[in-house]
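# Inside the fold
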Amino acid sequence: MVVLRSPRRAGCSRPSPAARTLRPLIAVAVAVALVAGCGGDTAAPPDGSEPVATTSPPRPDSAATAQRPGTARTITTGLQVPWGLAFLPGGDALVFERTTGKVRRIPAAGGQARTVMTVPGVDTSAGEGGLLGLAVSPDYARDELLYAYYTSDSDNRIVRFRLGDTPKAILTGIRRGQIHNGGRIAFGPDGKLYASVGETSMPQLAQDRASLNGKILRIDPDGSIPADNPFKASPVWSYGHRNPQGLAWDDDGRLWEAEFGAQTSDEVNLIKPGRNYGWPEVEGEGETRDGKFTNPQVTWPTDEASPSGDAVAGGDLYVAALQGRGLWRVPLDGARARADEKQLLLKGRFGRLRTVVRAPDGSLWITTSNRDGRGQPNEGDDRIIRYVPGR
């Protein structure tokens, strides 16, 4: 133990009785402060996760500098199957709970989630469906619009609304299913709204350009079809997808998509307009049939990934893995993903990971999916984890 003493000077008077009474209390306080201060020097586990206190639950960070690069910690607990996540201009986050239809608001520094709305019309009993993707309007400061991809009693649809208002449908008629609903939505750097749509376990739909299923879709914020889409009067941007759930753009505007495979290979694809990504004719890397199909950039065995959300930060693609129970980091080199250098972070640390989104401060917010009936929830699940990229 380090003991702090003030030097005695000649001519100093002896301490008063009151001072002698306070001295032990001050010494205890100093010792406690020193012990607490030493906590920042604790080495992080090799998987990049922050040490977790055994006597009290993890507390949210008050600033980005409070957490070391390459580490993760819980900042919000008590969620029910969180799925969509997006940030408001002030830094707070909104989170969709898939199985309750609730919109939860979380402070920018983390902390207790507050219910701000329940979205009407959501069928929360629809297998893997429910309240799925969330996007915040690029002009939110002006229009206050939110966008949702959800399962209704008749279809999957995309709607927009202001908090507390009735949603207005802007794209309907997407086939719903017990599985493979896709469901991610995000605004691209071009201001268009993109949506990942699964084939609802009907593989033939992925190759049918007249169907909205098994596709990446691209629409205007009002639901109209952009004139520069690859297929005239169609929202289809790319096709031949099984169950895509990750959409993320790099700094040069390239779209990276994460997709569930079937028996052999999960995928990361570099999405280009009008391309055919092969399902169900090809799973993973295979025969392109003289350029008819586009091969993925990254593949995994299906028991190592089940890739859901993805995000780009610091020149790397981060992919949340359900079956892999971790966060995959894949270095990007322009239009090439360096698949041979991919690395699994946080392995087994937090269970099934569903969504990963880059926060305004450059950190990554990650949701768990341990209460979806396929995980093993721990106390506090489901939760949001804050990961600070760095090596």
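Note that this is a predicted model, so its numbers are computed, not measured. Numbering of residues starts from 1 in each chain and follows the order in which that chain's sequence is written. The predicted origin of the model limits local features to residues at a pLDDT of at least 70 and limits the giving and counting of side-chain atom pairs to 80 or more, whereas totals for whole chains, interfaces and linings rest on all residues. Side-chain measures were taken over the full set of non-hydrogen atoms in the model, leaving aside hydrogen atoms and water.

Now for the pattern of salt bridges. In a structure, side chains of opposite charge can pair up when their charged atoms sit close to one another. The working definition used for a salt bridge is a side-chain nitrogen of Lys or Arg within 4 Å of a carboxyl oxygen of Asp or Glu. Within this structure, the stated rule accounts for 18 salt bridges. Measuring nitrogen to oxygen at the nearest pair gives 2.9 Å for the salt bridge that ties arginine 157 to aspartate 155. Buried, partly exposed and exposed residues are distinguished by accessible area as a fraction of the type maximum, computed with a 1.4 Å probe on protein chains only: under 20%, between the cut-offs, and over 50%, respectively. Here aspartate 155 falls in the buried class, since its relative accessible area comes to 5%. Here aspartate 220 makes a salt bridge to lysine 192, at a shortest N to O gap of 2.5 Å. With aspartate 220 in the loop between strand S12 (215-219) and strand S13 (236-239) and lysine 192 in the loop between strand S10 (185-187) and strand S11 (193-197), this residue pair connects regions lying 28 residues apart in the sequence. A run of DSSP states H or I qualifies as a helix once it reaches four residues; a run of E qualifies as a strand once it reaches two. Both are numbered from the N-terminal end.

This part covers the pairing of S11. Most of S11 sits out of view: five of its five residues are buried. Residues Leu193, Ala195 and Val197 line one face of S11 and the alternating positions Tyr194 and Ser196 line the opposite face, and both faces are buried. For two strands to be treated as a pair, DSSP must find no fewer than two bridges joining them. Hairpin connection, S10 to S11: the antiparallel pair is bridged by five residues, and glycine 191 has positive phi, about 80°. Where S11 meets S12, five bridges bridge the pair, whose relative direction is antiparallel. For leucine 193, the partnering residue across the bridge sits in S12 and is isoleucine 219.

Attention now moves to the sheet that holds strand S16 (residues 265-271). Strand order in the open sheet formed by four strands is S14-S15-S16-S17, and the pairing between neighbours is antiparallel. Whereas interior strands pair on both sides, the edge strands pair on one side only; in this sheet they are strand S14 (243-249) and strand S17 (298-301). When the angles between neighbouring strand axes are averaged without regard to direction, this sheet yields 20°. Taken together, the six bridges between S14 and strand S15 (residues 255-260) define a ladder with antiparallel strand orientation. Paired with alanine 248 across the bridge in S15 is tryptophan 256. Note on geometry: axes are lines fitted to C-alpha atoms, helical ones only across the stretch in contact, with angles between N-to-C directions running from 0 to 180 degrees.

Here we take up the packing of aromatic side chains. Ring pairs are drawn from Phe, Tyr and Trp, using the six-membered ring of Trp, whenever the two centres fall within 6.5 Å, and their geometry is named by plane angle: stacked under 30 degrees, edge-to-face over 60, tilted for the rest. Evaluated as defined, the whole model comprises seven aromatic pairs. Centroid distance tyrosine 147 to phenylalanine 187: 5.1 Å. Interplanar angle 80°. Geometry classified as edge-to-face. One end of the pair, tyrosine 147, is in strand S7 (residues 146-151); the other, phenylalanine 187, is in strand S10, and 40 residues separate them in sequence. Residue class for phenylalanine 187 comes out buried when judged on its relative accessible area of 14%. Judged by centre distance (5.6 Å) and plane angle (50°), the rings of tryptophan 300 and tryptophan 328 are tilted. Residue tryptophan 300 is found in strand S17, and its partner tryptophan 328 is found in strand S20 (residues 326-333); the two are separated by 28 residues along the sequence.

What follows deals with the nonpolar core. Formed by 21 residues in total, the largest nonpolar core has its most connected members in Tyr147, Tyr149, Ile158, Ile185, Leu193 and Leu217. Every element with two or more residues in this core is listed here: strand S6 (131-136), S7, strand S9 (168-174), S10, S11, S12 and S13. Residues belong to a common nonpolar core when they are buried Ala, Val, Leu, Ile, Met, Phe, Trp, Tyr or Cys residues joined through side-chain atoms within 4.5 Å. In terms of nonpolar packing, the next biggest core, distinct from the first, is built from 17 residues, Leu94, Val119, Leu134 and Val159 among them.

This brings us to the sheet that holds S9. Overall, antiparallel pairing links the four strands, which are arranged S6-S7-S8-S9 in an open sheet. Of all the strands in the sheet, the pair left with one neighbour each is S6 and S9. Strand-to-strand twist across the sheet, computed as the mean angle between neighbouring axes with direction ignored, equals 15°. For S7 and strand S8 (residues 156-161), the ladder comprises six bridges, and the chain directions are antiparallel.

As a further point, take unusual backbone geometry. Going from tryptophan 279 to proline 280, the amide bond is cis rather than trans, its omega being 5°. Assignment of secondary structure puts proline 280 in the loop between S16 and S17. Looking along the chain, the bond that leaves aspartate 381 and enters aspartate 382 is cis, with omega of -10°. Note that aspartate 382 resides in the loop between strand S24 (364-368) and strand S25 (384-387). Located in the positive-phi region is arginine 289, a residue other than glycine, with phi close to 55°. Classification of arginine 289 as partly exposed rests on a relative accessible area of 39%.

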